[in-house]
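# Coordinates in review
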Amino acid sequence: MIGLLKESYEKLYSLLPQRAKVMASELVFKLSGKPYVYHDKILHPPNGLGRGVVSFSIDFELAWAWQYARNQSKDCEKIALHEREQVPRLLAKFDEYGIGATWATVGHLFLEKCERGWDGLAHSDMRRLQHFENEYWKFSSGDWFQHDPCSSVDRDPAWYAPDLIEQILASKAGHEIGCHSFSHSAFGVPCSSDVAASEIDACLEAMKPFGLRPTTWVFPGNIEGNFDTLATRGFKGVRAFPHSWAEVSLPLKRNDDMWGIHASTPIDLDGGGWNLEERLARLKKYVDRASATNLSTHIWFHPSLPRRQIDSLLFPLLRYCAELREKGAIDILTLDGLVDATEDALIREGKV
Ligand SMILES: [Zn+2]
Ligand SMILES: [Zn+2]
């Protein structure tokens, strides 16, 4: 009976639009009081990782993420400047607790400056997305790069961030830099493989001067697609999971040889009518459940989160995780570290 219910829920869930998915998982948590565990004993290491794991990923994007966001596009620079203020505070706290995270970073942020091309367009050598709309974004007129100021980090700090990336890299906590496309492009419809390749290559190129070659990928807007193009460019892990309702689980090897990494929950309060206290208690339950099952939980957020939520949710959660790690109850790994730990466990258990 329970198996049947789970199966029906999975089918229904997969058909829901993004926002409704968030609402559904909030509701299920409210009813059950615990996160949903997905442990496939054939494809996963049957005994888990030996110890539960917590991972944090951070979608780092400044104005690029919000330029076509419905109801937020006109505030994209304001949001970006708020995000800029938060990054050093975040880094200090991650350092204080010795916790490394995966910063899924938009490629344009690595640039110190850029210029208009011969045709007056920004990045005129890059392929462009066609106009499209979805529940979160509306790109219905003009050129995809029309908001790029084509100036420099000093003049337009909402669109460039090599200074902040240097701070992330210098941070002693040991962060991973992941990739979040070059210009926060959708990767599902209407993104062709040419556009995807152009976005990925520009991103890899922009990261080179920093000595970086990212191996993990986070889809902008969680709009998934063009997996083959990512796989042929050497990505090892993608934040995308075949059973997207799984909240405590482990990466699963995909047919294209990349690892699909589940995203357990965003940290923020959206979509569930929670207060801060309830929400923090909920987030701790994800960590407890990962610890109890020897599986992993993966919590993600935008650094543009309201300051109050950073102070009252993220920071106490980091402290909670650091204390549990101190007791030997969990490990805290970046996404590439989580993939490595899963591979190691499969080898240990003779599954590879
Ligand atoms: Zn530019
Ligand atoms: Zn994003």
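Notes on the structure follow. Bear in mind the structure is a predicted one, so any value in this text is a computation, not a measurement.

### Considering the coordination of the zinc ion (ligand 2)
Geometrically, a metal with four donors at the corners of a regular tetrahedron has ideal angles of 109.5 degrees, and one with six donors at the corners of a regular octahedron has ideal angles of 90 or 180 degrees. Of the protein atoms, only Glu61 (OE), His180 (NE2) and His184 (NE2) coordinate the zinc ion (ligand 2), at distances of 2.0 to 2.1 Å. For the zinc ion (ligand 2), the single-chain donor residues occur in sequence as E-x118-H-x3-H. Both residues of the pair, His180 and His184, belong to the buried class.

### Structural notes on the coordination of the zinc ion (ligand 1)
For the zinc ion (ligand 1), the full set of protein donor atoms is His108 (NE2), Cys114 (SG), His123 (NE2) and Asp148 (OD), and the range of their distances to it is 2.0 to 2.2 Å. Here the donor residues for the zinc ion (ligand 1) map to a single chain with the spacing H-x5-C-x8-H-x24-D. Linking Cys114 in the loop between strand E2 (102-105) and strand E3 (132-133) with Asp148 in the loop between strand E4 (138-139) and helix H4 (162-170), this pair joins segments that are 34 residues apart in sequence. The class for Asp148 is buried, based on a relative accessible area of 1%.

### Quick word on the side chain of Asp59
Residue position: Asp59 is located in strand E1 (residues 52-60). Within the structure, the side chain of Asp59 is placed 3.1 Å from the side chain of Arg239, a separation counted as a polar contact. Ignoring sequence-local partners within four residues, the contact set of Asp59 consists of Glu83, Ala104, His180, Val218, Arg239, Trp300, Phe301, His302 and Pro303.

### Quick word on the nonpolar core
In this structure, Phe56, Phe60, Phe94, Trp103 and Leu314 are the most contacted members of the largest nonpolar core, which totals 92 residues. In terms of residue count, helix H8 (residues 307-326) provides more of this core than any other element does, ten residues in total.

### Some remarks on H8
With 20 residues, H8 extends 27 Å between its outermost C-alpha atoms, agreeing within 8% with the 28 Å of an ideal straight helix rising 1.5 Å per residue. Three or more residues of H8 are buried, namely Gln309, Ile310, Leu313, Leu314, Phe315, Leu317, Leu318, Tyr320, Cys321, Ala322 and Leu324. Along its buried surface, H8 packs onto E1, helix H3 (76-97), helix H7 (276-293), strand E11 (296-301) and strand E12 (330-332). One or two positions beyond H8, positive phi appears at Gly328, with a value near 80°.

### Some words on unusual backbone geometry
That bond from Val189 to Pro190 is cis: its omega, 5°, falls within 30 degrees of zero. Its place among the elements puts Pro190 in the loop between strand E5 (176-179) and helix H5 (193-207). Not every positive phi belongs to a glycine, and Asn71 is a case in point at roughly 70°. Here Asn71 shows up in the loop between E1 and H3. Since its relative accessible area comes to 75%, Asn71 is described here as exposed.

Basis of the calculations
Residues numbered from 1 in each chain as written. Chains lettered and ligands numbered in written order. Predicted model: local features only at pLDDT ≥ 70, side-chain atom pairs only at ≥ 80, totals over all residues. Heavy atoms only, no water. Donors = N, O, S within 2.8 Å, 3.2 Å for Na, K, Ca; no water. Buried < 20%, exposed > 50% of the residue type's maximum accessible area, 1.4 Å probe, protein only. Helix = DSSP H or I, 4+ residues; strand = E, 2+ residues; numbered from the N terminus. Polar contact = N/O pair within 3.5 Å; in protein donor to acceptor, adjacent residues only side chain to side chain. Contact = heavy atoms within 4.5 Å. Core = buried A, V, L, I, M, F, W, Y, C linked by side-chain atoms within 4.5 Å. Expected span 1.5 Å × (residues − 1).

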